[in-house]
Amino acid sequence: MAGIAYVEGRFMPVEEARMPILDLGFLRGDAVYDTISVWKGNFFRLDDHLARFQASCRSMRLLLPMPVEELKRILAECVARAGVEQAGYVQMILTRGKFVSPANRDLRLCSHNFMCYSLPYVWIASPERQEQGLHLAIVENRRTPTEAMDPTVKNFNSMDMQRGLLQAYDHEADYALLLTPDGYLSEGPGYNLFFVKNRVLHSPKRNVLEGITRRSVADLAAELGLECRFADLEPAQLRGADEAFLTSTAGGIMPVTVVDGRTLGNGAPGILTGQIRTRYWQKREAGWLGTPVASLVAAKVA
């Protein structure tokens, strides 16, 4: 796989990147992360992603080992070295690190471990598959309660999602949607949900990651004069929707055409979904909310 990683202060091919086996990010999933996309030379909503990453770090009492401006330059250099300025996927990770010693397991004394990597753009669902529409299953496994793990903290504790995805496969679906512990619609592995009913957009408000693409859809809906509601939503509302789509940094706006084996609408990606999806990528092509990779690389050189 073509890609560049930054680990322990140096750049390397992504295949050579390693995490120490005693790192609590590996042993306990004690890590936060964020993923940014690069398109046509620009990071998309870079400052928004960095603000969320920093908020995740604060929530988990993890300290970034560098100022945010230096972090930006490291991310940009990863992209430039990997040669993925036109279509890239960038992930930054901060783990708890290792205990001082086997005899001293005080979490407050761990030395935190930062790493990041850049790859060619990753699609949760390929553009070709999106044209057909995705098959989604509302699965039996529930989302981890908010009281146990704040879903707005982007983290690697995802066994609830993994189990849900396996259940989706059992139902001959490729994508899973989990419910909150009290039975409302939540989210899936790496994506938020929207559905459309009577030209109004609806999206779950609780027990979800506050996705950057989710936020972008709300912005686009306002531009298009569409109402967008965030609320507690029942599974039956999704099954009876006119159209639906998923949102993710890795894939953008992804139409859903089947839920629990039932066809939505006429079985094709919805009209409003198509309008939002088209507008999203047109604006991305034009540099919408973009930060040029080259300017950050140049700042490092200067």
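Look up a bit, the structure's there.
Residues numbered from 1 in each chain as written. Predicted model: local features only at pLDDT ≥ 70, side-chain atom pairs only at ≥ 80, totals over all residues. Heavy atoms only, no water.

## Here's the deal with the overall build of the protein chain
Here is the rule: The helix count covers DSSP runs of H or I at least four residues long, the strand count covers runs of E at least two residues long, and both are numbered beginning at the N terminus. As a reference, a globule follows 2.2 Å times the number of residues to the power 0.38, and the radius of gyration itself is taken over C-alpha atoms. Here the term buried applies to any residue with accessible area under 20% of the maximum for its type, exposed to any over 50%, and partly exposed to those in between, with areas from a 1.4 Å probe on protein chains only.
What the protein chain contains, in helices and strands, is nine helices and 15 strands. Taking 302 residues into account, the globule formula puts the C-alpha radius of gyration at 19 Å, and the protein chain, at 20 Å, falls close to it. Taken over the C-alpha atoms alone, the protein chain extends approximately 55 × 45 × 30 Å along its principal axes. Expressed as a percentage of its 302 residues, the buried residues of the protein chain come to 51%.

## Comments concerning unusual backbone geometry
Phi at Asn-198 is positive, roughly 55°, even though this residue is not glycine. With respect to the helices and strands, Asn-198 occurs in the loop between strand S9 (192–197) and strand S10 (200–204). Of note in the backbone geometry, Asn-207 takes a positive phi value of approximately 55° without being a glycine. Along the polypeptide, Asn-207 turns up in the loop between S10 and helix H6 (212–223). On the basis of relative accessible area, Asn-207 is assigned to the buried category, the value being 6%.

## Here we look at the pattern of salt bridges
Where we set the bar: Each reported salt bridge corresponds to a side-chain nitrogen of Lys or Arg within 4 Å of a carboxyl oxygen of Asp or Glu.
Overall, the coordinates contain 20 salt bridges when judged by the stated rule. Lys-197 is paired through a salt bridge with Asp-242; the nearest N and O atoms lie 3.6 Å apart. Here the residue Lys-197 occupies a position in strand S9, and Asp-242 occupies one in the loop between helix H7 (235–239) and strand S12 (243–248), the gap between them amounting to 45 residues. Among the residues examined, Lys-197 registers a relative accessible area of 33% and is labelled partly exposed. Between Glu-223 and Lys-283 there is a salt bridge, with the nearest N and O atoms lying 3.3 Å from each other. With Glu-223 in helix H6 and Lys-283 in helix H8 (residues 271–285), the pair connects residues that are 60 residues apart, well separated along the chain. Overall, Glu-223 belongs to the partly exposed group, its relative accessible area being 38%. The partly exposed category is assigned to Lys-283, whose relative accessible area is 21%. Shared partners join several salt bridges into a network, and the residues in it are Arg-45, Asp-48, Arg-215 and Asp-219.

## Notes on the packing of aromatic side chains
Defined as follows: Between the rings of Phe, Tyr and Trp (Trp by its six-membered ring), a pair exists once the centres lie within 6.5 Å; its type follows the angle of the planes, with under 30 degrees stacked, over 60 edge-to-face, and the other angles tilted. Both a distance and an angle decide whether a charge sits over a ring: NZ of Lys or CZ of Arg must be within 6 Å of the ring centre and within 35 degrees of the ring normal.
Counting across every chain of the model gives 16 aromatic pairs. For the ring pair Tyr-33 and Phe-156, a centre distance of 4.3 Å and an interplane angle of 5° mean the geometry is stacked. Taken together, the positions of Tyr-33 in strand S3 (residues 31–39) and Phe-156 in the loop between strand S7 (134–142) and helix H5 (159–170) put the pair 123 residues apart, joining distant regions of the chain. Measuring from ring centre to ring centre gives 6.2 Å for Phe-194 and Phe-230, while their planes differ by 70°; the resulting arrangement is edge-to-face. One end of the pair, Phe-194, is in strand S9; the other, Phe-230, is in strand S11 (residues 227–231), with 36 residues separating them in the sequence. Owing to a relative accessible area of 0%, Phe-194 belongs among the buried residues under this scheme. Each residue in the set Trp-39, Phe-44, Tyr-121, Trp-123, Tyr-280, Trp-281 and Trp-288 is aromatic and connected to the rest through ring pairs, giving one cluster. The side chain of Arg-284 reaches across the aromatic face of Phe-44, ending 4.2 Å from its centre.

## Here we look at the packing of helix H2 (residues 46–59) against helix H3 (residues 68–82)
Heads up, the condition is: Between N-to-C directions, angles span 0 to 180 degrees; the directions come from axes that are lines fitted to C-alpha atoms, helices contributing only their stretch in contact. Roughly parallel covers angles under 35 degrees, roughly antiparallel covers those over 145, roughly perpendicular covers 65 to 115, and oblique covers all other angles. We call a crossing left-handed when the near helix sits turned anticlockwise from the far one by less than a right angle, and right-handed when that turn is clockwise. Residues are treated as being in contact if the distance between any of their heavy atoms lies within 4.5 Å. Three categories are distinguished: nonpolar for Ala, Val, Leu, Ile, Met, Phe, Trp, Tyr, Cys and Pro, charged for Asp, Glu, Lys and Arg, and polar for the others, with Gly belonging to the last.
Their axes nearest at 12 Å, the elements H2 and H3 cross at an angle of 120°. When the axis of H2 is compared with that of H3, the two are oblique. For the element pair H2 and H3, the recorded crossing hand is right-handed. Packed against H2, whose contacting residues are Leu-46, Asp-47, Leu-50, Phe-53 and Gln-54, the element H3 presents Val-68, Leu-71, Lys-72 and Leu-75 at the interface. Classifying every residue of the contact of H2 with H3 gives six nonpolar, one polar and two charged.

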